[in-house]
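# Close look at the chain arrangement
One letter stands for each residue in the lines below.
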Amino acid sequence: MPIKEITSHADWRASYDVMRELRPHLSLEAYLTLLEEMRSQGYRLLALTDETDKMMALAGFTIQTNFYHHRHLFLYDLVTQSEQRSRGCGKELLSHLERWAKEEGCQYLELTSGLIRKDAHRFYEEKMGYTWTSKVFVKEL
């Protein structure tokens, strides 16, 4: 299945139907506005597509550097369209990102996952070999 970077406004709009499965609180307008701002900060969006170029899965990420993970890929979003789940789309997209990040000199791929996303946690741990290393704390301001 082809993987392509989503860079055009038309593709951003087309990606919304998949992304809203992970981020249902976002309207199309909010999604496009935030995507534009995030892209100015280095956010990139990849899509796994079928043979007709229909988007089946998305991955949104940046390359970051910090004291504890040095240069690393931070994965903000990984979502597979509901009717495509359990068909290897997420695994293919995440494996692609792991290879690409290594080629780009990254030492780690880091992500966070909401506490209620038990199926996602099982996927990351059992199928992809990820481990828990920290807790993320948030305070609404």
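Residues numbered from 1 in each chain as written. Predicted model: local features only at pLDDT ≥ 70, side-chain atom pairs only at ≥ 80, totals over all residues. Heavy atoms only, no water.

So, on to the overall build of the chain. Along the backbone of the chain there are 4 helices and 5 strands. Each helix and strand of the chain, placed in order from N terminus to C terminus, yields the pattern β-α-α-β-β-β-α-β-α. Here the C-alpha atoms of the chain give a radius of gyration of 15 Å, agreeing with the 14 Å that 2.2 N^0.38 yields for 141 residues. Burial status across the chain gives 40% buried among its 141 residues. Sequence separation of 24 or more characterises 57% of the internal contacts of the chain that already satisfy a separation of 6 or more. (Helix = DSSP H or I, 4+ residues; strand = E, 2+ residues; numbered from the N terminus. Rg over C-alpha atoms; globule rule 2.2 N^0.38 Å. Buried < 20%, exposed > 50% of the residue type's maximum accessible area, 1.4 Å probe, protein only. Contact = heavy atoms within 4.5 Å.)

So, on to the sheet that holds strand β1 (residues 3-5). Ordered by their spatial adjacency, 5 strands build an open sheet running β1-β2-β3-β4-β5, and the pairing between neighbours is mixed. Every interior strand has two partners, whereas the edge strands, β1 and β5 (108-111), have only one. Across this sheet, the average inter-strand angle for adjacent strands is 30°, counted without regard to direction. Pairing of strand β3 (residues 55-66) with strand β4 (residues 70-80), which is carried by 10 bridges, proceeds in the antiparallel orientation. The residue of β4 that forms the bridge with Ala57 is Thr80. (Pairing = 2+ DSSP bridges. Axes fitted to C-alpha atoms, helices over the stretch in contact; angles between N-to-C directions.)

Here we come to the packing of aromatic side chains. As enumerated under the stated definition, the model contains 6 aromatic pairs in all. The interplanar angle of 45° and the centroid separation of 5.5 Å between the aromatic rings of Tyr16 and Tyr31 together place this pair among those described as tilted. A residue pair is termed long-range when its members are at least 10 positions apart, and Tyr16 in helix α1 (residues 9-19) and Tyr31 in helix α2 (residues 28-40) qualify at 15 residues. The two residues Tyr16 and Tyr31 agree in class, both being buried. (Phe/Tyr/Trp six-rings, centres within 6.5 Å; stacked < 30°, edge-to-face > 60°.)

Looking at the secondary structure, you find Ser82 in the loop between β4 and α3 (89-103). Residues Ser82 and Leu48, 34 residues apart in the sequence, show an inter-C-alpha distance of 14 Å. In this structure the side chain of Ser82 is engaged in a polar contact, spanning 3.4 Å, whose partner is the side chain of Glu83. (Polar contact = N/O pair within 3.5 Å; in protein donor to acceptor, adjacent residues only side chain to side chain.)

Before going further, it helps to examine the nonpolar core. Among the nonpolar cores identified, the biggest contains 22 residues, and Leu73, Leu75, Leu78, Leu94 and Leu97 are the most heavily contacted of them. For this core, the secondary structure elements donating two or more residues are β2 (44-49), β3, β4, α3 and α4 (118-127). The leading source of residues in this core is α3, at 6 residues. Each residue touching Leu73, except ones within four places of it in the same chain, is listed here: Phe61, Thr62, Ile63, Leu97, Trp100, Ala101, Cys106, Tyr108, Leu109 and Glu110. Tyr31, Leu32, Leu45 and Val79 belong to the second-largest nonpolar core, a separate cluster that totals 16 residues. (Core = buried A, V, L, I, M, F, W, Y, C linked by side-chain atoms within 4.5 Å.)

So, on to α1. Turning to α1, its buried residues number three or more, namely Trp12, Ser15, Tyr16, Val18 and Met19. All buried residues of α1 project into a common sector of 160° when viewed along the axis, lining one side. Of the surrounding elements, those touching the buried residues of α1 are α2, β2, β3 and β4. (Arc of directions from axis to C-beta.)

Right, let's get into the pattern of salt bridges. Counting across every chain of the model gives 7 salt bridges. Across the pair Asp77 and Arg23 runs a salt bridge whose closest N-O atoms are separated by 2.7 Å. Of this pair, Asp77 sits in strand β4 while Arg23 sits in the loop between α1 and α2, placing them 54 residues apart in sequence. We classify Asp77 as buried; its relative accessible area is 6%. By relative accessible area, which is 26% here, Arg23 ends up partly exposed. (Salt bridge = Lys/Arg side-chain N within 4 Å of Asp/Glu carboxyl O.)

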